[in-house]
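This is what each chain is made of:
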Amino acid sequence: LGEDRYDPDFDPALFDDPKNPTNPNPYFPLAVGNSWEYRGGDEVNVLEVRDETKLIDGVMCIVERDQVFKGGELVEDTDDWYAHAKDGDTWYCGEEVKDFETFDGDIPKLPELVSIDGSFKAGREGDKPGVIFLASPKQGDVYLEEFSLGNAEDVTEILSTTYKFGDNPDLDQLVPQQLADRLCSAGDCVVTKNFSLLEPGISARKYYARGIGTFLEVESEGDVIQLVSCNFNDKCQNLPQP
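The structure displayed is predicted, hence computed values, not measured ones.

*Asks:* Would you mind showing me how to read the side chain of Glu153 here?
*Replies:* Mapped onto the secondary structure, Glu153 falls in the loop between β11 (146-147) and β12 (154-163). In this structure the side chain of Glu153 is engaged in a polar contact, spanning 2.6 Å, whose partner is the backbone nitrogen of Gly150. Residues contacting Glu153, with those up to four places away along its chain left out, are Glu146, Ser148, Phe195, Ser196, Leu197 and Leu198.

If you want it as structure tokens, here you go:
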């Protein structure tokens, strides 16, 4: 990342209507109504682009709802705020994180809010926006997704922009071949390494398909979370299951 001051150009004139961008990012599709479901272990992750916007530091953002369930119980309910730049970059302007727990013996047994750690918003208490996905990523690119010192400092490194199964044994580790063959046969999938500056040694590889977005996450601890359905692309029909 270098040692220069982090001071991104977040001029509202550089951004589009979040519901009707002129240059939408094919690897991070954020059309209203798009939804994805991911599964891994006992975890289910459901994402939906809401018909909602939020003005953040002068830039209008689209809202994506991100819910995580474990054992059928809600454990996380997050709103992510994304902005479409006219050049095709997709910016990450903040998130409202809500972590929940349920407790044995409660009647009724309902999820209770226990934490909002990790929440941030550009323009609040020194927080700044980051980029969630570049319009033209190149292998070796490294950039900040979030900038909230001591709270949210996620980084992305581009490992490949031409991934398909069988070309790179390191990137193939723990990847379901049927899933990769379905979505990456053209050799145009993007693979990133994602990590936090606040948690050294912990990382994940994320895999992105054109027209779909994230379809797989392989965590450094060995956990795998994969896409099982989406509602806006025919390639999501009858996907291989975990």
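*Asks:* Hey, could you run me through the nonpolar core in this one?
*Replies:* A general tendency of soluble globular proteins is for nonpolar side chains to be buried together. Counting 52 residues, the largest nonpolar core has Tyr163, Tyr207 and Phe215 as its most contacted members. Among the elements that make up this core, the one with the highest residue count is strand β3 (residues 59-70) (4 residues). Non-local contacts of Tyr163, meaning those with residues more than four positions away in its chain, are made with Leu171, Asp172, Val175, Ala180, Cys184, Gly187, Asp188, Cys189, Val191 and Tyr207.

*Asks:* Can you help me understand the pairing of β12 in this one?
*Replies:* Each regular strand displays side chains that alternate between the two surfaces of the sheet. As judged from the 3 bridges shared by strand β10 (residues 142-144) and β12, these two strands associate in the antiparallel manner. Bridging from a neighbouring strand, Val142 pairs with Glu157 of β12. Here β12 runs beside strand β13 (residues 189-196); their pairing, made up of 7 bridges, is antiparallel. Note that in β13 the partner of Tyr163 across the bridge is Cys189.

*Asks:* Explanation requested: the state of the cysteines in the structure shown.
*Replies:* Cysteine pairs can be covalently joined through their sulfur atoms, and such a bond is termed a disulfide. Under the counting rule described, the total for this entry stands at 2 disulfides. Note on cysteine connectivity: Cys184 is disulfide-linked to Cys189, with sulfurs 2.1 Å apart. Handedness here is read from the sign of the S-S torsion; for Cys184 and Cys189, about -95 degrees, the answer is left-handed. Taking the relative accessible area as the measure of exposure, Cys184 reaches 1% and is therefore buried. Disulfide pairing places Cys230 opposite Cys236 at an S-S distance of 2.0 Å. With the S-S bond torsion at 95 degrees, the cross-link from Cys230 to Cys236 turns out right-handed. Should the bonded cysteines of the protein be numbered as they appear in the sequence, the pairing reads 1-2, 3-4. In this structure Cys61 is a free cysteine whose sulfur lies 3.4 Å from that of Cys93, the closest cysteine sulfur available. Cys61 gets classed as buried once you look at its relative accessible area, which sits at 0%. Here Cys93 falls in the buried class, since its relative accessible area comes to 0%.

Calculation notes
- Residues numbered from 1 in each chain as written.
- Predicted model: local features only at pLDDT ≥ 70, side-chain atom pairs only at ≥ 80, totals over all residues.
- Heavy atoms only, no water.
- Helix = DSSP H or I, 4+ residues; strand = E, 2+ residues; numbered from the N terminus.
- Polar contact = N/O pair within 3.5 Å; in protein donor to acceptor, adjacent residues only side chain to side chain.
- Contact = heavy atoms within 4.5 Å.
- Core = buried A, V, L, I, M, F, W, Y, C linked by side-chain atoms within 4.5 Å.
- Buried < 20%, exposed > 50% of the residue type's maximum accessible area, 1.4 Å probe, protein only.
- Pairing = 2+ DSSP bridges.
- Disulfide = S-S within 2.5 Å.

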